[in-house]
Amino acid sequence: MKKSLAVLMAAIMAASTAACGSAEPDTGSEAVSSAANDSGTESGEKVTVTFWDENAGDERTEYYQQIIADFEAENPDIHIEYLGLSSSDALSKYQTAIAAGETPDVGGLNNSWAATVIGQGHCVPLDDLFASWEGAENMEEGYMDICHSYNKDGKLYMMPTSSNFICLWTNDAMFEEAGLEAPATWDEFFAAAEALTDKDNGQYGYTIRGGAGSAAVLIDFIYSYMGTNEVFDENGKATINSDEAVEFLEKYFALYGKSTPESDITASYKEISANFDSGVSAMFTHNLGSYGSHVTGFGGTEGFTAHPLPTADNGTYVNYGGALTGLCMFDTCENQEAAWKWITYMCDHKANSYWNESIGQMPTNKACYEDEWMQGMQHIQCAIETMEQDNCITYTSPAYLPEWGSITTTYIEPAIQSVMSGDMTARELLDMWADYLNEAYANYMAD
Amino acid sequence: MRTKIKAGKKDWMPYLFLAPAAFFILAFLAYPLATVFFYSLQSYDVTKIADKGFVGLENFKDLFQDDIFFRSLRVSAKWVLVEVISQLVLGMILALLLDKKFKGRGLYRCIVFFPWAISGVLTSMLWSLIYNENIGLLNSLLKDLGILSNNMAWLGNMKTVFKATAVAEIWRGIPFFAITILAALQNIPADLHEACVVDGATGFQEIFLVKLPMLKDTIILTTLLRAVWEFNNVDLIFTLTGGGPSYRTTTLTMYMTNMSIKNGNYGYGSALAVIAFFVLLLFAGIYLKLSGYGKEDA
Amino acid sequence: MTARKGKKLAGKVGFAALLLVFMVFILLPIYWCLVTSFKPSAEITSKEVTYWPKIFTFVNYAEAWTRSGFSTYFKNSLFIAVFGVVFIVVLSVLTGYALDRFKFKGKNVFMLILLCTQFIPGAMLITPIFIIFKNLNMLNSLFALVLVNTTFHFPFNSILMRGFVGGIDYTIEEAAQIDGCSRLGAIRHVLLPVLKPGIATIAAYGFISCWNEFLFSFMFISKQAKLTLPVGLKNLVGEFSINYGQLAAGAVIAVVPTLILFSYVQKNLVGGLSSGAVKG
């Protein structure tokens, strides 16, 4: 007994010294890229650019590593040091890093909290670099405009690398069986959700995101129903508590429990996507990003289809334009030239095309639009066609307000659950939401 | 009582022994703890960085008008109470079972370790898979056994959400009590058991009149530590319910960490932490006093 | 006579039934974790719940180990856990010994301080601790994690160790000192051998805490090659894709060292705890 324990401990020690041997020598010195940068100008020395991916996953990390390998082959003097962050904790990591002054050189940002990070004043304005970049003209102007809105000074802090599009994913077999077409209007949507529900067989028409992230998607649907992109009126007051919005919420939440699973009240992405992929729900609203998970769930690219959100009664299609992910540069970056090279590499045709083809999202570089893969993917085609329609207007979510994150997580998301459970009315929720938005907007406009 | 070394010419000895511990606390905890107290008196919100500065007790004033604070404090109290009591009772029963001599006892004891050894990241994902309304193990099992006819939304139902979350955490907490109490039980001299048999005591009498009193200090200590741990631990609730629906499972620690780490309001978050600190201090003091920890039994 | 026999039988059946209920409760989620780790992704999120994999696959293990970089994470976690255990044990023995064997001024205050260190959740202390290690030029260092884990876990273990030391009669040390041993010599040659079970217990408790620690590893390490297992596991839970299969496989891999350690110290652990826990 004693002997075997000793052997085990020895084995553990041996393994750990191996880990130690490879891990210890570079401790500290490489923590910041500065060490590498000091000698970066000398010939043959590599410059290191640290880079954080805000939504790591087994596959995404592999795609990034491929792009990084290509980039390093083309730029032998630059080394990209990749770090994958799990999406649910990425914002916390950025907040801590900013507070401690240990940000990476380049960071991936997600539209739902990009403004929170940028608003703290530690991102480098990229306007001058962008103006002198030869690839600038190929970037989609609409996306660039949105990036400018992320901070109230109107400067550019994030370069978009990928755009998303909100889709209504449908289960083909269930629609066929019910003899239904994909809903084109919201009324059709509500009717379809009811018609596709067959509780005895464990089938529901729809699935509502009631848990984390519920507010961010709900506001998009509200404006899609209202058919307007005016979130604040000319007096700076939020329009979210309009009668139409109340009407929408009442209809929308009437689906809960009747045409959706009951657990939706605390369901976040992982639950609602599982509902769709496992054939529990016939319809599911998310964005292009869940494509890969549907391919896994349906065992191939067949059996599910992407559609745009329904069109408003006034005939307008409201496209959520803010669903961007992109890269920013932090002020701790000492070799901005190299960092900018990496950022623009991700925006340039080749990498932008490969990246978005791999993750199944919309490129931000217009040169990619001619690429073959874009024609081949149904959900991408759906996004392009919809955005080309004459009745399409673009709406920007108030996610750019600095307080947005704390308002939604602290007050709105729990209130949405109260409405779903019947403890609060739709009007009460929207009035409350409007009050918070008004205050946040006034702060935003004040200085 | 055992002999203790009396303070004498070598009275620097104990301090020498405690020096490393004091070093670790001073080096890595004193300053961080002090900052929490410091920030609780500051306005420090990354979304309103212009207002940064000393505000006195302003954060605490806001706190007493904050409904969510009181709600989350209540949820925390309920959570700690339910968790510690259930884990203690179940852990103790399990320990009493495993204290008996029977074949394969060693294997059973090893099994009991399992829930504790598994990484928290997986524990929470595993239970969210088990509880899932449509693809979960629990509903499928209960339906196949004929107990349920329709799927239950364990985490989406106001009536079951707290209980379901609590059961998952109980699962994780049983090993701690089971093992600690089991060990304490084994230390009870065997002749005591024989004496009970001679006196004609029943098994239950032996447990309640002889064994439990001997476990008193173990129980007081482990429940206290566990209570603090359950108060501060949020990973499981966060994955299972995100604090919902409508704050039903939002504990004070969860509210506090969301406020500061996610939303960047370090000032208010720190004020919540300071209140939590004093709540726990008060609780520990009263608990140790009332339970008579360390006093010899009659 | 028969009534007594019947009573005994009923007791046995009741005992077995109760034990069975506990084992089912404890093992069901474990079983589910194992089964999930052998299922392909589509089967895991299928409406038809299968109690045994319809398609039995090792793909999750292969991918977790190679593609997700678990072999590296495994080594890093092992480093942190092994050194963390060493630090925690040394500190706990010293502190526990002092708190039990000596009478001195400030003893109760020190006990209270040990308790107070547990009152504020680690999450609230991240930024200042981060700044400390930044000033020490120890960011991205696995050793920094050893220090942090030690700081957070030794107080609890010291209180336990105090009980273990208390369970051992002081007279054996005294006897050794009379025989000419110094105090430290007496501790080393007489007390430590007897204290082995207690040390095994602390080591096991410390190992689990360090091995599964997520928050500080996530916050302090910004180099892919130095990530730890729990951080690697969490990275499988992406916003657009959750790989339950690999997560389960990764967790099964992660639990192996802990179980090996346990099966070795199990006897010591249980025997050891007994001497400590009674005195508290």
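About the thresholds
Residues numbered from 1 in each chain as written. Chains lettered and ligands numbered in written order. Predicted model: local features only at pLDDT ≥ 70, side-chain atom pairs only at ≥ 80, totals over all residues. Heavy atoms only, no water. Helix = DSSP H or I, 4+ residues; strand = E, 2+ residues; numbered from the N terminus. Buried < 20%, exposed > 50% of the residue type's maximum accessible area, 1.4 Å probe, protein only. Core = buried A, V, L, I, M, F, W, Y, C linked by side-chain atoms within 4.5 Å. Domains from an automatic or database assignment. Contact = heavy atoms within 4.5 Å. Pairing = 2+ DSSP bridges. Axes fitted to C-alpha atoms, helices over the stretch in contact; angles between N-to-C directions. Patch = residues over 30% accessible without salt bridge, like charges linked within 9 Å, V, L, I, M, F, W, Y side chains within 5 Å. Areas by Shrake-Rupley, 256 points an atom, 1.4 Å probe, with all protein chains shown as cover. Salt bridge = Lys/Arg side-chain N within 4 Å of Asp/Glu carboxyl O. Lys, Arg positive; Asp, Glu negative; His and termini not counted. Charge placed at Lys NZ, Arg CZ, Asp CG, Glu CD. Buried area = accessible area lost by both parts, 1.4 Å probe. Polar contact = N/O pair within 3.5 Å; in protein donor to acceptor, adjacent residues only side chain to side chain. Nonpolar A, V, L, I, M, F, W, Y, C, P; charged D, E, K, R; others polar.

### What to know about the overall build of chain A
Within chain A one finds 19 helices and 10 strands. Taken over 447 residues, chain A has a buried fraction of 60%.

### So, the nonpolar core
Residues Met159, Trp342 and Trp433 of chain A are the most contacted members of the largest nonpolar core, which totals 332 residues. Considering every element that reaches this core, the biggest residue donor is helix α4 (residues 70-101) of chain C, with 16 residues. Looking at which domains feed residues into this core, each of domain 1 (33-163 + 323-381) and domain 2 (166-321 + 401-446) of chain A gives three or more. Every residue in contact with Met159 of chain A, bar those within four places of it in the chain, is listed here: Leu126, Phe130, Trp133, Met139, Met144, Thr325, Gly326, Leu327, Trp340, Ile343 and Cys347 of chain A. Within the second largest apolar cluster, seven residues are counted, among which are Val75, Phe162, Ile237 and Met254 of chain B.

### Details of the sheet that holds strand β1 (residues 47-53) of chain A
Paired through backbone hydrogen bonds, the strands of a sheet run either parallel or antiparallel to each other. Residue and element names in this part refer to chain A. Strand order in this open sheet of five strands is β2-β1-β3-β9-β4, and the pairing throughout is mixed. Strand pairing shows two members of the sheet lacking a second neighbour, β2 (78-84) and β4 (158-163), which therefore form its edges. Across the sheet, the mean angle separating the axes of adjacent strands is 25° when strand polarity is ignored. Helix-sheet contacts for helix α7 (residues 141-148) involve β4 and β9 (324-329), and the interaxial angle to β4 is about 130°.

### Focus: a positive patch on the surface
Residues and elements named next belong to chain C. Judged by side-chain charge, Arg4, Lys7, Lys8 and Lys12 come together as a positively charged surface patch. Inspection of the secondary structure assignment puts Lys12 in helix α1 (residues 2-37). Overall, the relative accessible area of 61% leaves Lys12 in the exposed class.

### Remarks on the sheet that holds strand β6 (residues 283-287) of chain A
Residue and element names in this part refer to chain A. As summarised here, the arrangement of the three strands in space is β6-β5-β7, forming an open sheet in which the pairing is antiparallel. Taken across any chain shown, the strands that pair with only one partner, and hence form the sheet edges, are β6 and β7 (304-308). This sheet shows a mean twist of 35° between the axes of neighbouring strands, independent of strand direction. Here strand β5 (residues 166-171) pairs with β6 via five bridges, running antiparallel. In the sheet register, Cys167 faces β6, and the bridge partner there is His286. This element, helix α12 (residues 269-277), spans β5, β6 and β7 of the sheet and lies at about 130° to β6. On top of the sheet, helix α13 (residues 291-298) reaches β5, β6 and β7; it is set at about 150° to β7, its chief contact.

### Some thoughts on the interface of chain C and chain B
Interface size is commonly expressed as the accessible surface area that is lost when the partners come together. Tallying the contact residues gives 96 residues for chain C and 93 residues for chain B. Of the roughly 8900 Å² buried between chain C and chain B, counting both surfaces, carbon and sulfur atoms make up 81%. Broken down residue by residue, the surface that chain C buries against chain B is led by Phe22, Phe119 and Met124 of chain C, which jointly contribute 8%. For the pair chain C and chain B, the interface holds zero salt bridges. Our count for the chain C to chain B interface comes out at eight residue pairs in polar contact (both at pLDDT 80 or more). Of all the secondary-structure elements, those providing two or more residues to the side of chain C that touches chain B are α1, α4, α5 (107-116), α6 (126-135), α7 (142-166), α9 (183-211), α11 (229-234) and α12 (244-277) of chain C.

### A short note on the domain arrangement of chain A
All names here are of chain A. Its domain assignment divides chain A into domain 1 (33-163 + 323-381) and domain 2 (166-321 + 401-446). A separation of 29 Å is found between the C-alpha centroids of domain 1 and domain 2. Counting residues at the interface gives 17 residues for domain 1 and 12 residues for domain 2. Both sides together, the interface formed by domain 1 and domain 2 hides about 1200 Å², and carbon and sulfur atoms give 55% of it. Applying the counting criterion to the domain 1 and domain 2 interface returns zero salt bridges. Along the contact surface separating domain 1 from domain 2 lie two residue pairs in polar contact (both at pLDDT 80 or more). Examining the composition of the side of domain 1 that touches domain 2, we find that three residues originate from one element, helix α17 (residues 378-388), more than from any other. Across the side of domain 1 that touches domain 2, the residue classes tally to six nonpolar, 10 polar and one charged.

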